[in-house]
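Results of the structural survey
Chain residues, written in single-letter form:
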Amino acid sequence: MSFWKRLSNNPGLGARDTSLRDAILLVAVIIAVGTLGYALIEDWSVTEALYATVITITTVGYGDLAPATPGGRAFAIIFTLLAIGAVGYTLTNLAAGIIERSQMRREESLRNRQANRLADLNNHIIVCGGGYVGKRIAHELTKEGKPFIVIEPLEDLMRWTLLYLDEDYRRHRYRETADFTYQMDETGHEEMEIAPLADELDIAYILDTPTNNAVLVRAGIERASGLFAVMGDDRDNLLTVLSARALAREMGNTKLRVIARTVEEENTLKLKMAGADRVFSPNFVEATQLTTHMLHPHTGAFWRMTMDETVPLRYSEVYVEADSKLAGMTCAQIKSSEDYLVMSIFRDREYFNLPDPDEACQVGDVLVVMTEQY
């Protein structure tokens, strides 16, 4: 189908397409009027009249064919002014149409890539809520190499969360907070649209509320291994936990682990009743850390160091499987051969903290260890 037919027959013609079609029609009318006018007034052939019209519209003006009569010259003056205006209008609309179509193709490409990310998610973590807590969870999941998706209804919080996952941006921000003389120039990055920013970072996201069942289904709740409900409102977290647990049960996802954040500690039991496996209060955790820093500064500094991404010291867990070489090894042997410092052993639904160096590990144990990760 020709370009003109697409413009003429498209029932969903947008305002820009309609304007472009009208502009092309206007140029066609101008050419017809000019050709007819020159042919009648100057008694030129159709070919000569069309030639004069075209060189007038294009402002080439070779000078080899010019009106000889006063009427022809008057017509040429009026026609030239109208023709140049019409062509300018048409070119403006044509350029705008090209830019708009290019933008539409780019947006469609971004949507397709984001749709592919959502479809490829499997055994992933759903982070419901961005901002202060959500962005740090997403960062930790990134370091662990765990696939995840962020759901946040507010565009500013979503952008803030995504920017925190940009290593260069985060490094500049840390330097800015530590050095008052340092000025970062990242305003362009901070003003990026959500879609291209997420695409650049290869992050799956949904800009919507996670309390909506349809949104959780889009996020692949039936395939997810875990979900964080870490929004700033306990009611939103409660509804999200209820929806997630009910949907997972309905879709046969029995492995889903749900961890929720509570602002008010008295809502902890409600969130557990709704289906959360664990409930944490950032206020309580932060208060504990602050007190530790005050009363036991070296312990506080050590704890802070374990959270510093520039220091490769991490807590982790190791499962002792039937075919694991760790089975039968003592904690001292594990420290010597694997560089794991065993802090605790989870066995028979009980934690054995600071186990004896001669304690042998058994099949089924879960070792809570401290290790250096490079």
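As the structure is a prediction and not an experimental result, all values here were calculated from the model.

**Describing the packing of helix 3 (residues 46-57) against helix 4 (residues 70-120)**
- For the pair helix 3 and helix 4, interaxial distance at closest approach is 9 Å and the crossing angle is 60 degrees. Judged by the angle between their axes, helix 3 and helix 4 are oblique. Here helix 3 and helix 4 pass one another in a crossing that is right-handed. Residues T53, T56 and I57 of helix 3 pack against F79, T80, A83 and V87 of helix 4.

**A closer look at the pattern of salt bridges**
- Summed over the entire model, instances satisfying the criterion amount to twelve salt bridges.
- Between D199 and R113 there is a salt bridge; the shortest N-O distance is 2.8 Å. Residue D199 is located in helix 9 (residues 194-201), and its partner R113 is located in helix 4; the two are separated by 86 residues in the primary sequence.
- Residue R113 is classed as partly exposed on the basis of its relative accessible area, which comes to 36%.
- Residues joined by salt bridges that share partners form a network here, namely R113, R117, D199 and D202.

**Things to note about the packing of aromatic side chains**
- Scanning all chains against the criterion turns up two aromatic pairs.
- When the ring of W303 is compared with that of Y315, the centres are 6.1 Å apart and the planes differ by 40 degrees; the resulting orientation is tilted. Here Y315 lies in strand 7 (residues 313-319) and W303 lies in helix 14 (residues 297-307), a separation of twelve residues in the sequence.
- Under the relative-accessibility criterion, Y315 is labelled partly exposed at 37%.

**Here we look at the side chain of T35**
- Inspection of the secondary structure puts T35 in helix 2 (residues 15-41).
- Overall, the relative accessible area of 13% leaves T35 in the buried class.
- Beyond its immediate sequence surroundings of up to four residues, T35 is in contact with V46, A49, L50 and T53.

**Thoughts on the packing of helix 6 (residues 155-164) against helix 9**
- Direction vectors running N to C along helix 6 and helix 9 enclose 20 degrees, while the axes themselves pass 10 Å from each other. Between helix 6 and helix 9, the crossing angle belongs to the class labelled roughly parallel. The chirality of how helix 6 crosses helix 9 is left-handed. On helix 9, the residues touching E155, M158, R159, L162 and L163 of helix 6 are I194, L197, A198 and L201.
- Residues that form the contact of helix 6 with helix 9 fall into these classes: seven nonpolar, no polar and two charged.

**Examining the layout of surface pockets**
- Estimated volume of the second largest pocket: approximately 350 Å³.
- If you trace the second largest pocket, you find 19 residues lining it, with L110, R111, I194, A195 and Y205 closest to the centre.
- Mapped by element, the contributors of at least two residues to the lining of the second largest pocket are helix 4, helix 9 and strand 3 (204-206).
- Along the lines of polarity and charge, the residues of the lining of the second largest pocket split into nine nonpolar, two polar and eight charged.

**A short note on the sheet that holds strand 2 (residues 148-151)**
- In spatial order, the strands read 3-2-1-4-5-6; together these six strands make up an open sheet with parallel pairing. Each edge of the open sheet is held by one strand with a lone partner, namely strand 3 and strand 6 (278-280). Direction aside, the axes of adjacent strands within the sheet are offset by 15 degrees on average.
- Note: strand 2 against strand 3, three bridges, orientation parallel. Within the sheet, the bridge partner assigned to I151 lies in strand 3 and is I206.

**Concerning the environment of L163**
- Its location among the elements puts L163 in helix 6.
- Placed 38 residues apart in sequence, L163 and L201 show a C-alpha to C-alpha distance of 8.9 Å.

**Re unusual backbone geometry**
- Positive phi values are uncommon outside glycine, yet N123 reaches one of about 55 degrees.
- As for its placement among the helices and strands, N123 is situated in the loop between helix 4 and strand 1 (125-128).
- For N123, a relative accessible area of 34% corresponds to the partly exposed category.

**Some details on the state of the cysteines**
- Summed over the entire model, instances satisfying the criterion amount to zero disulfides.
- In this model C361 remains outside any disulfide bridge; the closest cysteine sulfur is found in C331, 4.7 Å from its own.

**Observations regarding the sheet that holds strand 10 (residues 366-372)**
- Pairing is antiparallel in the open sheet, where four strands are placed in the order 7-10-8-9. The open sheet has two free edges, formed respectively by strand 7 and strand 9 (350-353), since each of these has just one partner strand. In this sheet, adjacent strand axes meet at a mean angle of 25 degrees when their direction is disregarded.
- Where strand 7 lies against strand 10, seven bridges are found, and the strand directions are antiparallel. The partner of E317 across the bridge, within strand 10, is V368.
- The strands that helix 14 touches are strand 7 and strand 10; relative to strand 7, the one it contacts most, it runs at about 70 degrees.

**Some words on the pairing of strand 4 (residues 226-229)**
- The alternating pattern of strand 4 places G226 and F228 on one face and L227 and A229 on the opposite face, and all of these are buried.
- Here four bridges tie strand 4 to strand 5 (residues 257-261), and the two strands are oriented parallel to one another. Among the inter-strand pairings, F228 is bridged to a residue of strand 5, identified as I259.

Basis of the calculations
- Residues numbered from 1 in each chain as written.
- Predicted model: local features only at pLDDT ≥ 70, side-chain atom pairs only at ≥ 80, totals over all residues.
- Heavy atoms only, no water.
- Axes fitted to C-alpha atoms, helices over the stretch in contact; angles between N-to-C directions.
- Helix = DSSP H or I, 4+ residues; strand = E, 2+ residues; numbered from the N terminus.
- Parallel < 35°, antiparallel > 145°, perpendicular 65-115°, else oblique.
- Left-handed = near helix turned anticlockwise from the far one by under 90°.
- Contact = heavy atoms within 4.5 Å.
- Salt bridge = Lys/Arg side-chain N within 4 Å of Asp/Glu carboxyl O.
- Buried < 20%, exposed > 50% of the residue type's maximum accessible area, 1.4 Å probe, protein only.
- Phe/Tyr/Trp six-rings, centres within 6.5 Å; stacked < 30°, edge-to-face > 60°.
- Nonpolar A, V, L, I, M, F, W, Y, C, P; charged D, E, K, R; others polar.
- 1 Å grid on protein atoms, 1.4 Å probe; cavity = no way out; pocket = protein on both sides within 12 Å on 5 of 7 lines; lining within 4 Å.
- Points joined across faces, edges and corners; volume = space filled by probe spheres on them.
- Pairing = 2+ DSSP bridges.
- Disulfide = S-S within 2.5 Å.

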